[in-house]
Amino acid sequence: MPRKPKRKAPASPARHDPSPEPYPSHASPCSAQCLVVRDALLAFHGFPEEFAAFRVLRLGGLSPNRDPRPSSPTVLDGLVTTLLSQNTTDAISRRAFASLKAAFPSWDQVVDEEGKRLEDAIRCGGLAATKAARIRSMLRDVRERRGKICLEYLRELSVDEVKKELSRFKGIGPKTVACVLMFYLQKDDFPVDTHQILGQ
């Protein structure tokens, strides 16, 4: 039986200098066009009140009327808040987080408690069993690797390093990581809802 000739691999495209644009092969939207859209949306809708504290931090810690810098949430609080927001509304996830913190004043108590108190505390947010298991597993992993339950060291890392660190946790996907980067670390990243994109 005659052998089929091997196909030649397609020639690799010439390498160019790295572009500051995240999608250099797309002509638009460029960064400037995105800023125009952002400004138009802000002019029409106003700035969302729930993001005001993050905006103050982004602008250097002082609001226009020179109020003192607000206390920012810890990175870990932000990560757990974002995890709790999966498959529910922001209002409900905030209620679940407040209930969690009321039931467990410290993260060590969450790891050491073996009953269903954590699950009960976040039940109002939906998917309580799944989210409780993921939170406890994540906290345990952080304590075992770092010696204490704290993620503040992420503030000193690059965006790619933060993505690598957070992606190791089960249930923490690209959108959750991007939310933590943008809202809690004030890094240049943007969460995208892939389900909405695929559904269009």
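Every value quoted in this text rests on a predicted model; they were computed, and no experiment measured them. (Residues numbered from 1 in each chain as written. Predicted model: local features only at pLDDT ≥ 70, side-chain atom pairs only at ≥ 80, totals over all residues. Heavy atoms only, no water.)

Novice: How should I be thinking about the overall build of the protein in this particular structure?
Specialist: Scanning the protein from N- to C-terminus turns up 10 helices and zero strands. Overall, the protein shows an N-to-C arrangement of helices and strands of α-α-α-α-α-α-α-α-α-α. Counting every position in the protein, which comprises 200 residues, the buried fraction comes to 28%. In the protein, once contacts between residues fewer than 6 apart in sequence are set aside, the share between residues at least 24 apart is 51%. (Helix = DSSP H or I, 4+ residues; strand = E, 2+ residues; numbered from the N terminus. Buried < 20%, exposed > 50% of the residue type's maximum accessible area, 1.4 Å probe, protein only. Contact = heavy atoms within 4.5 Å.)

Novice: I tried to follow the pattern of salt bridges on my own but got confused; where do I start?
Specialist: Note on pairing: side chains with opposite charge can pair once their charged atoms come close. Under the criterion given, the structure shown has 10 salt bridges. The residue D112 makes a salt bridge to R143 at a minimum N-O spacing of 2.9 Å. Placement of the pair is D112 in helix α5 (residues 107-112) and R143 in helix α7 (residues 128-146), with a sequence separation of 31 residues. Between D120 and R123 there is a salt bridge whose closest N-O contact spans 2.7 Å. We classify D120 as partly exposed; its relative accessible area is 46%. Several salt bridges share partner residues, and in doing so they unite D141, R145, E165 and R168 into one network. (Salt bridge = Lys/Arg side-chain N within 4 Å of Asp/Glu carboxyl O.)

Novice: Quick question: what am I supposed to make of the side chain of K131 here?
Specialist: With respect to the secondary-structure elements, K131 resides in helix α7. Buried and unpaired, K131 has no salt bridge, with D90 as the nearest side chain of opposite charge at 10 Å. A distance of 2.7 Å separates a polar atom in the side chain of K131 from the backbone oxygen of Q86. Among residues more than four places away in sequence, those in contact with K131 are L83, L84, Q86, T88, I122, G125 and G126. (Lys, Arg positive; Asp, Glu negative; His and termini not counted. Polar contact = N/O pair within 3.5 Å; in protein donor to acceptor, adjacent residues only side chain to side chain.)

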